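Structural description and commentary
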Amino acid sequence: MNIPVIDTNTNEVQALNASDIFYVTRKDTDGESVIKVKTENNEYQMLSSTELIKYLSDTGEFVRSDRGTYINPSKVKRLDSTQMSVEFENGKQAIVSRLGFNAIDVLLNKSK
């Protein structure tokens, strides 16, 4: 299993294989709890929820649909403009904002 982490030397997001982890520890720094991950040769920091979402949206892998929802456009089977929703490959649906709907629509049409 790969875990997204921040390399503390380079500040780059990397995928770390869980089998490479020696231990995980929590540290409180400036009133904020940070999870540190140690491997044989390096130290990483777990991404916070906000950092993970920012990373996924910055890489273009996810589109922000509304304040709390991010959609993976590669999993969208179809868009429903009457209900402002997306349907995924497995048949499940998610309601999206108009702005999110338009962004997903542009990406889907670009890949055709």
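One can find the structure itself at the top, above this paragraph.
Here's what I pulled together on the structure shown here. In this text the structure is predicted, and so the values were computed from the model without any measurement. (Residues numbered from 1 in each chain as written. Predicted model: local features only at pLDDT ≥ 70, side-chain atom pairs only at ≥ 80, totals over all residues. Heavy atoms only, no water.)

Before going further, it helps to spend a moment on the side chain of Glu87. By the element assignment, Glu87 lies in strand β9 (residues 85–88). Excluding anything up to four places from it in sequence, Glu87 contacts Lys75, Val76, Lys77, Arg78, Lys92 and Gln93. (Helix = DSSP H or I, 4+ residues; strand = E, 2+ residues; numbered from the N terminus. Contact = heavy atoms within 4.5 Å.)

Turning to the pairing of β9, a few remarks are in order. Every second residue of β9 is oriented toward a common face, with Ser85 and Glu87 on one face and Val86 and Phe88 on the other, all of them buried. The sheet contact formed by strand β8 (residues 76–80) and β9 spans 4 bridges and is antiparallel. Within the sheet, the bridge partner assigned to Asp80 lies in β9 and is Ser85. Linking β8 to β9, which pair antiparallel, is a turn of 4 residues; within it Met84 sits at a positive phi near 50°. (Buried < 20%, exposed > 50% of the residue type's maximum accessible area, 1.4 Å probe, protein only. Pairing = 2+ DSSP bridges.)

Before going further, it helps to examine the pairing of strand β2 (residues 13–17). Across 5 bridges, the pairing between strand β1 (residues 2–7) and β2 is antiparallel. Among the inter-strand pairings, Pro4 is bridged to a residue of β2, identified as Ala15. The turn joining β1 and β2, which pair antiparallel and follow one another in sequence, is formed by 5 residues; a positive phi near 60° is taken by Asn11.

Here the focus is the environment of Ser74. With respect to the element layout, Ser74 can be found in the loop between β7 (69–71) and β8. For Ser74, a relative accessible area of 53% translates into the label exposed. When the C-alpha positions of Ser74 and Thr59 are compared, they lie 13 Å apart, and in sequence the two are 15 residues distant. A distance of 2.7 Å separates the side chain of Ser74 from the side chain of Asn72, its partner in a polar contact. (Polar contact = N/O pair within 3.5 Å; in protein donor to acceptor, adjacent residues only side chain to side chain.)

Moving on: the environment of Phe62. Among the secondary structure elements, Phe62 is positioned in the loop between α1 (49–58) and β6 (63–66). Owing to a relative accessible area of 24%, Phe62 belongs among the partly exposed residues under this scheme. Each C-alpha atom, one on Phe62 and one on Val5, is 18 Å from the other, the two residues being 57 residues apart in sequence. Filtering out sequence-adjacent residues up to four positions away, Phe62 remains in contact with Leu56, Ser57, Tyr70, Ile71, Asn72 and Pro73.

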